[in-house]
Amino acid sequence: MAALLAVLVACETKEDNPDNLTEEQIQSYESTAMSHIDQMDFRGKYGGMVQGKDVQLTLQKESYELQADGKKYKGKYYKAGDGSQIELENEAEPMPVTHLAYSDAKNLMVLNADGTYPEDEVFLQKK
């Protein structure tokens, strides 16, 4: 019976930790990942095609300016979800882009209007 229990525990550990990381390594990776999300800086100028429209987005510290299809939108944005996404506030009229997610240092992914990830990926590239 004790041998069976040892086998079950060994199998469970391998499934939960397929890379055989120590507890210290796991904690280090988790804390590093969280600190990087907290430090994400979205500021900059981005551009790309969204729904057939040329979209230009400038993100300041807490505000944005979006140009699309000859219209300008201005407002504030805030981090959403786990901090890797942002939402552009705009109560005036619908915009072609309202939710974005950090993809890498040079790209933001355009999300669906409800903040979910789209089937077809669309990116705004940093200029």
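Residues numbered from 1 in each chain as written. Predicted model: local features only at pLDDT ≥ 70, side-chain atom pairs only at ≥ 80, totals over all residues. Heavy atoms only, no water.

The subject of this paragraph is the overall build of the protein. Helix and strand counts for the protein come out as 2 helices and 8 strands. Tracing the protein from N to C terminus, the helices and strands come up as α-α-β-β-β-β-β-β-β-β. Nonlocal contacts in the protein, meaning residues at least 24 apart in sequence, comprise 32% of its contacts between residues at least 6 apart. Accessible surface, the protein as shown: approximately 8,900 Å² in total, 50% of it carbon and sulfur. (Helix = DSSP H or I, 4+ residues; strand = E, 2+ residues; numbered from the N terminus. Contact = heavy atoms within 4.5 Å. Areas by Shrake-Rupley, 256 points an atom, 1.4 Å probe, with all protein chains shown as cover.)

Another aspect to go through is the packing of aromatic side chains. Within this structure, the stated rule accounts for 1 aromatic pair. Consider the rings of Phe42 and Tyr102, whose centres lie 6.5 Å apart with planes at 80°: the pair is edge-to-face. Taken together, the positions of Phe42 in the loop between helix 2 (23–38) and strand 1 (44–50) and Tyr102 in strand 6 (residues 99–104) put the pair 60 residues apart, joining distant regions of the chain. Judged by its relative accessible area of 35%, Tyr102 falls in the partly exposed class. (Phe/Tyr/Trp six-rings, centres within 6.5 Å; stacked < 30°, edge-to-face > 60°. Buried < 20%, exposed > 50% of the residue type's maximum accessible area, 1.4 Å probe, protein only.)

With that settled, the discussion passes to the layout of surface pockets. Considered as a void within the structure, the largest pocket measures approximately 190 Å³ in volume. Together, 13 residues line the largest pocket, and Gln51, Pro96, Val110, Leu111 and Asn112 are the ones closest to its centre. A per-class count over the lining of the largest pocket returns 9 nonpolar, 3 polar and 1 charged. (1 Å grid on protein atoms, 1.4 Å probe; cavity = no way out; pocket = protein on both sides within 12 Å on 5 of 7 lines; lining within 4 Å. Points joined across faces, edges and corners; volume = space filled by probe spheres on them. Nonpolar A, V, L, I, M, F, W, Y, C, P; charged D, E, K, R; others polar.)

Remark: a regular strand shows side chains that alternate across the two faces of the sheet. The alternating pattern of strand 3 (residues 63–68) places Tyr64, Leu66 and Ala68 on a buried face, while none of Ser63, Glu65 and Gln67, on the opposite face, is buried. Hairpin connection of strand 2 (residues 53–59) to strand 3: 3 residues between the antiparallel strands. Two strands pair when backbone bridges link them, and strand 3 and strand 4 (residues 71–80) are joined in this way by 6 bridges, in the antiparallel orientation. When the bridges of strand 4 are listed, Leu66 appears paired with Tyr73. The turn linking strand 3 back onto strand 4 is made up of 2 residues, and Asp69 within it adopts a positive phi angle of 55°. (Pairing = 2+ DSSP bridges.)

The next point concerns the nonpolar core. Leu57, Leu59, Tyr64, Leu88, Leu100 and Leu124 are the most contacted members of the largest nonpolar core, which totals 20 residues. At the level of elements, strand 1, strand 2, strand 3, strand 4, strand 5 (85–88) and strand 7 (107–110) are the ones that each hand at least two residues to this core. With sequence-adjacent residues up to four places away left out, Leu100 is seen in contact with Leu57, Ser84, Gln85, Ile86, Leu88, Leu108, Met109, Val110, Leu111 and Leu124. (Core = buried A, V, L, I, M, F, W, Y, C linked by side-chain atoms within 4.5 Å.)

Let us look at the environment of Gln85. Mapped onto the elements of the fold, Gln85 is located in strand 5. Linking Gln85 and Met109, residues 24 residues apart in sequence, is a C-alpha distance of 9.1 Å.

If you walk through the whole model with that rule in mind, you get 3 salt bridges. Between Arg43 and Asp41 there is a salt bridge; the shortest N-O distance is 2.9 Å. Since its relative accessible area comes to 41%, Arg43 is described here as partly exposed. Classification of Asp41 as partly exposed rests on a relative accessible area of 43%. (Salt bridge = Lys/Arg side-chain N within 4 Å of Asp/Glu carboxyl O.)

What follows is about the pairing of strand 2. As paired elements, strand 1 and strand 2 share 7 bridges and run antiparallel to each other. What sits directly across from Tyr46, in strand 2, is Leu57. The hairpin turn running from strand 1 into strand 2, its antiparallel successor, is 2 residues long, and Gln51 in that turn takes a positive phi close to 55°.

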